[in-house]
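Coordinate inspection notes
One letter stands for each residue in the lines below.
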Amino acid sequence: MPFVKRFKEMTRLTTKIHILNFSLWYGNKQALRDISMEIYANHVTALIGPSGCGKSTLLRSINRMNDLIENVRVSGKILLDGKNVYDPDVDVVTLRKRVGLVFQKPNPFPKSIFENVVFGPRLNGIRNKEHLHHIAEESLKKAALWSEVKDILHQSALSLSGGQQQRLCIARAIAVNPEVLLMDEPTSALDPISTAKIEELIESLREDYTIVIVTHNMQQAARISQYTAFLYLGELIEYSKTTKLFTNPDRQETEAYVTGRFG
């Protein structure tokens, strides 16, 4: 039985994102050095490491948000379903529809709750009111927010609490039906109760999405992810199943970081 269980688990692993020898420079400063790793579909992958190690840079490279920064150049590949996102023929707008990003601090638009959620679908040309309402309801339900806001959809999103605003931003991200959700420290600005709700939400969302999360909180990484990558000074030091990385890491540097001896 144990072998059968392991075999079933192996057969479920499908590579969604394959990072191959990826490096990135901000001007003359190299921020990422020859990163190679596979990110699996319908799993949560956590990126951990001390400040300035390249976690957020790597995360934002997946949907090319770093393109918005001057003097950025890259080498290597990031394959999404086998296609390099840095190929010249890749439409970046389409890429960012497939790969959504939730920022560190909640950033709702100064619009109603409803208009926040349907902002992306409207941009994509959806005008039918019934369809937009369906998208809003389904997205808010997936973000575990519908029951709290269904009667106040036309109130300002800025009237919501911080935790509700972050779940609204998640609803806004999934309203355009992405395949991948990138989360850049999504709970760092939230209280413990809101953090717990977001963590529960992430666990449920991985049924439908591939999730990559940057977190400074190692306990959070241990709670919500199936795979964890430890980065240090722009290099990938170790990448493995979360349970192994935290209990039996291969590298001394990883053990020193996860036990709190540095970082």
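Read on for an overview of the structure.

A few words on the pattern of salt bridges. The tally for this structure, following the rule as stated, stands at 15 salt bridges. The salt bridge involving K16 is made with D81; its shortest N-O contact spans 2.8 Å. Highlighted residues: K16 in strand 1 (residues 15–26) and D81 in the loop between strand 4 (72–80) and strand 5 (83–84), separated in sequence by 65 residues. Judged by relative accessible area, K16 falls into the buried class, the value being 12%. You can call D81 partly exposed: its relative accessible area is 44%. A salt bridge links K141 to E137; the nearest nitrogen and oxygen atoms lie 2.8 Å apart. One end of the pair, K141, and the other, E137, are both in helix 6 (residues 129–142), 4 residues apart, so they sit about a helical turn from each other. A relative accessible area of 42% places K141 in the partly exposed class.

Mapped onto the secondary structure, R251 falls in the loop between helix 11 (242–247) and helix 12 (252–258). A residue is classified by how much of its surface remains accessible, and R251, at 35% relative accessible area, is partly exposed. Taking C-alpha positions, R251 is 49 Å from S156, a pair spaced 95 residues apart along the chain. Once residues lying within four places of it in the same chain are set aside, the contact partners of R251 are I237 and E238. Of note is the side chain of R251, whose polar atom sits 3.3 Å from the backbone oxygen of I237. Among the polar contacts made by the side chain of R251, one reaches the side chain of E253 at a distance of 2.9 Å.

The next subject is the packing of helix 8 (residues 162–174) against helix 9 (residues 192–205). At a minimum axis separation of 9 Å, helix 8 and helix 9 run at an interaxial angle of 20°. Overall, the two elements helix 8 and helix 9 adopt an arrangement that is roughly parallel. When the axes of helix 8 and helix 9 are compared, the crossing they make is right-handed. In this structure, helix 8 uses G163, Q166, R167, I170 and I174 to contact helix 9, whose residues at the interface are S194, K197, I198, L201 and L205. Classifying every residue of the contact of helix 8 with helix 9 by side-chain character gives 5 nonpolar, 3 polar and 2 charged.

Under the definition given, this model contains 5 aromatic pairs. The interplanar angle of 45° and the centroid separation of 6.1 Å between the aromatic rings of Y227 and Y239 together place this pair among those described as tilted. With Y227 in strand 9 (residues 227–232) and Y239 in strand 10 (residues 235–241), the pair connects residues that are 12 residues apart, well separated along the chain. You can call Y227 buried: its relative accessible area is 9%. Between F230 and Y257 the ring centres are 4.9 Å apart and the planes differ by 20°, which places this aromatic pair in the stacked class. One end of the pair, F230, is in strand 9; the other, Y257, is in helix 12, with 27 residues separating them in the sequence. For the residue pair F230 and Y257, the accessibility class agrees, reading buried in each case. The rings of Y40, Y227 and Y239 are connected pair by pair, giving a single aromatic cluster.

On to the packing of helix 6 against helix 8, then. Where helix 6 meets helix 8, the closest approach of the two axes is 8 Å, and the angle between their N-to-C directions is 130°. By the angle class used here, helix 6 and helix 8 are oblique. Crossing handedness for the pair helix 6 and helix 8: right-handed. Along its contact with helix 6, which presents S139, L140 and K142, the element helix 8 presents L168, A171 and I174. A breakdown of the residues in the contact of helix 6 with helix 8 according to their chemical character gives 4 nonpolar, 1 polar and 1 charged.

Rules and cut-offs
Residues numbered from 1 in each chain as written. Predicted model: local features only at pLDDT ≥ 70, side-chain atom pairs only at ≥ 80, totals over all residues. Heavy atoms only, no water. Salt bridge = Lys/Arg side-chain N within 4 Å of Asp/Glu carboxyl O. Helix = DSSP H or I, 4+ residues; strand = E, 2+ residues; numbered from the N terminus. Buried < 20%, exposed > 50% of the residue type's maximum accessible area, 1.4 Å probe, protein only. Contact = heavy atoms within 4.5 Å. Polar contact = N/O pair within 3.5 Å; in protein donor to acceptor, adjacent residues only side chain to side chain. Axes fitted to C-alpha atoms, helices over the stretch in contact; angles between N-to-C directions. Parallel < 35°, antiparallel > 145°, perpendicular 65-115°, else oblique. Left-handed = near helix turned anticlockwise from the far one by under 90°. Nonpolar A, V, L, I, M, F, W, Y, C, P; charged D, E, K, R; others polar. Phe/Tyr/Trp six-rings, centres within 6.5 Å; stacked < 30°, edge-to-face > 60°.

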